[in-house]
Amino acid sequence: ACSVLVMAEWCEPVGRVKGVLLDICGVLYESGDGGGVPIVGSVEAVKRLKEANLKVRFCTNETQATREKFVKKLQNLGFDITVDEVFSPAPAVCQVLKERGLRPHLLVHDGLQPEFNKIDQSNPNCVVVGDAAEYFTYKNMNEAFQILMGLEKPILISLGRGRYYKETDGMKLDVGAYMKALEYACDIEAEVVGKPAAMFFLSALSDMGLEPDQVVMIGDDIVYDVGGAQQCGMKAVQVRTGKYRPCDEQHPTVKADGYVNNLAQAVTILLEHLH
Amino acid sequence: MSTRRILKAVLIDLSGTLHIDDTAVSGAQEALQKLRSSPVAVKFVTNTTKECKRTLFERLQKLSFDIHEDEIFTSLTAARNLVDQKQFRPLLLVDNSALEDFEGVDTTDPNAVVVGLAPEHFNYDTLNKAFRLILDGAPLIAIHKARYYKKVDGLSLGPGPFITGLEYATDVKATVVGKPEKSFFLEALRSIGCQPEEAVMIGDVCLILPISITTSARLLLKQINIKGFGIVEFRDDNALQSNLPHSVLYQS
C-alpha cells in the first residue's frame, strides 16, 4: 500500500489529470508475426479510462503500416481505438513536406507507402526514413545515401529516432539506428518527426484541448516516451512491459514520475486518485 | 633537444603508394629495392577489409614487388590479433574473401562482433543478430569506420555508418583497429619488435608516429626517392594532438 501511494505522486493534485496519452507498442500490445499479442490487462485498461471520462489519445511512432491498417489490427485484438485518436509520424510528416515544398525519396516499409499517395515523389529533394524493417536492405540504404549525397542541401527526415523495440521474437533495431547510419555517412543531422519531438506531443494535447499539466503520458521507452513527454511539461510513467529493461530505472538523465508493472496497474492507480 | 636514434623500420602504405589498383606506382619497385639494400625492416600496412593477405600478396608479386607475405599487416590482421589476444568467439560481419584471415578462429556461440566492409551482411536480420549480442555485453570491434568507398558506378556505404548505428542502438563504443587509430601502427611495429621512435611511415595518409632519425638515415631516405610522396616526421606527441597535416621531411 505504501509503494502505491508513492507511485501516485504523478496523479497529484487530485482532479488535475483530465487526459492520458498512451504509447502503443509495448504498452497496449507486443508486435510480431501473426499481428502481435495484447499485453495482459491492456484492453480492459483502455476501456476503464474512457468509462472514467478521461480524454484518451494514442501517441505512436509505428511506421510499418498506415494508421488505418494499424488501428484495424488493434481493433481486431479487442482495443477500443479509432483512427482519429491515433497520432503517428506519417500524417505529421506529410504536413511538413507540404508546408516546405519537399518531395521525398522514401526509405520506408512497403506498408507505409499509401500514407504518401498524395505526395509528389518525383525528383526528390529530401529523404524520409521510417521503420522499414526488412526493407532496410544494403541496396535501399545505399540508394537513400546516394540521393542525399547528390543534393546541394541534403535533408534527412526521420520518423522517430528510437534505438530498438521489442517484438514477440526478440529485440530489433529501430529507425534511429538507420537514421544515425545515414547521418554519419553523409555527415548531416536528421530532423525528427514523431516522438520525442515536442511538436508531436503538443499536437495530441491540442487535439484534446488540454494543457500539459493536465495530461499523463504512459510509455515503455524511458527516453523517447517518458523523457520526451516530461520535456513538454507532462508527467510521465514508464511501464515494465515492452522494451523496458531494469537499467531504465537508473537512467542517468531521465527519471520517470512513476514506474508501474503495466498499463493496467497504471490505470488502477490513476482511477483511485481521480476524486 | 630530442635524442637521435637509429632508423630501424619503415612502414609503407599499399594502395596509393606502391600501387593503384593493378598498376604499380611509377618508380615504386626500384625504390623498394633500394630500401632492401639497407638494414631497415619493412612492413606494408593497409586498411583493406575485403582482401585477405594472400590476395594482396599475389597482386604485389604480379607487379614485380620484392615482398614477403608476412611483411603485410592489414587492419584485418589487427582485428585477428585482438580476437586471439582476448580469446573472443566473434560473429564475423566480414566479406567472404576476408574470412581466410580468420581461419582457425572459433566462431561458435559468439561473444564478440567484428565488423568490416560486408554489404551482404548489412541487412536487417544480420544487423539485428549483431545488435542483440552487443546489447547482451559482446564487444564491438570495427576494422575501420570509413563512411563510404568509391565504386565504378558511384559512392557506396562503408562499414562506418552501420557501426555507428549499432553504437547508437546499444550505447556501446566500438573498438576501431584500423588506420588511423594509433593502436594499428603500434601493433604493426610490435610485430617487428620496433619502437615508434625507430620508425618512419611512407604514405599518403596523415601519420602519427613520433620519430627522430639520424643524419645517415635521412640520406638513405633521400635516396629512396619515391615520386610524388612525402615522408612524415613528427618530432613529438603534440603533433598528434594538433590535427596539423603531416609535415613533410622532403619531397622528391
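Per chain, residue numbering runs from 1 following the sequence as it is written. Labels are handed out in written order, letters beginning with A for the chains and numbers beginning with 1 for the ligands. Side-chain atom pairs in this predicted model are given and counted only at pLDDT of 80 or more, local residue features only at pLDDT of at least 70, and totals for whole chains, interfaces and linings cover all residues. Heavy atoms throughout the structure, all of them, feed into the side-chain values; hydrogens and water do not.

Our focus in this paragraph is the overall build of chain B. Under the scheme used here, helices are H or I runs from DSSP no shorter than 4 residues and strands are E runs no shorter than 2 residues, and both carry numbers assigned from the N terminus. In terms of helices and strands, chain B carries eight helices and 14 strands. Remark: exposure states derive from per-residue accessible area (1.4 Å probe, protein chains only) relative to the maximum for the residue type, with buried under 20%, exposed over 50%, and partly exposed in between. A total of 252 residues make up chain B; the buried ones form 53% of that total. Each accessible area is a Shrake-Rupley estimate made with a 1.4 Å probe; only the visible protein chains count as cover when residues are assessed. For chain B, the computed accessible surface area is about 11,800 Å², with 50% contributed by carbon and sulfur atoms.

Quick look at the overall build of chain A now. Within chain A, the secondary structure is distributed over nine helices and 14 strands. Two things to know: the radius of gyration comes from C-alpha atoms, and the globule rule equals 2.2 Å times the number of residues to the power 0.38. Relative to the 2.2 N^0.38 estimate, which gives 19 Å for 275 residues, the radius of gyration of chain A is 19 Å and therefore close to what a compact globule would have. For chain A, the spread of C-alpha atoms along the three principal axes comes to 60 × 35 × 35 Å. Counting every position in chain A, which comprises 275 residues, the buried fraction comes to 56%. Put simply, chain A shows about 11,500 Å² of open surface, and 50% of that area lies on carbon and sulfur atoms. Charge counting treats Lys and Arg as positive and Asp and Glu as negative, with His and both chain ends excluded. The atoms used to mark charge sites are NZ of Lys, CZ of Arg, CG of Asp and CD of Glu. Each charge sign in chain A was given a centre, from 28 positive and 37 negative side chains, and these centres are 1 Å apart.

Note on aromatic contacts: the rings of Phe and Tyr and the six-membered ring of Trp form a pair at centre separations within 6.5 Å, being stacked when their planes are under 30 degrees apart, edge-to-face when over 60 apart, and tilted otherwise. All chains considered together, the criterion is met by nine aromatic pairs over all chains. Between Tyr138(A) and Phe122(B), the aromatic rings sit 6.4 Å apart at their centres with planes inclined by 40 degrees, giving tilted as the arrangement. With Tyr138(A) in helix α5 (residues 138–150) and Phe122(B) in the loop between β7 (112–115) and α4 (124–135), this pair bridges two chains. The burial state of Tyr138(A) is the same as that of Phe122(B); both residues are buried. Ring centres 4.3 Å apart and planes at 20 degrees place the aromatic pair Phe122(B) and Phe162(B) in the stacked group.

What follows deals with the environment of Val129(A). All names here are of chain A. Secondary-structure assignment places valine 129 in strand β7 (residues 126–129). Separated by twelve residues in the primary sequence, valine 129 and methionine 141 have C-alpha atoms spaced 9.6 Å apart. The contact rule is simple, with two residues in contact once any of their heavy atoms fall within 4.5 Å. Non-local contacts of valine 129, meaning those with residues more than four positions away in its chain, are made with Leu107, Val108, Phe136, Leu156, Ile157, Ser158, Leu159 and Val175.

Residues and elements named next belong to chain A. Between any two strands, pairing holds if DSSP finds at least two bridges. The strand order across the open sheet formed by six strands is β5-β4-β1-β12-β13-β14, and the pairing between neighbours is parallel. The outermost strands of the open sheet, each flanked by one partner alone, are β5 (86–87) and β14 (258–260). In the sheet, strand β13 (residues 235–239) pairs with β14 via three bridges, with the strands oriented parallel. Counterpart to glutamine 238 in the pairing with β14 is tyrosine 259. Axes, fitted as lines to C-alpha atoms, cover a helix only where it is in contact. Angles between the N-to-C directions of the axes lie from 0 to 180 degrees. Contacting β1 (19–22), β12 (215–219), β13 and β14, helix α9 (residues 263–272) runs over the sheet at an angle of about 125 degrees to β14.

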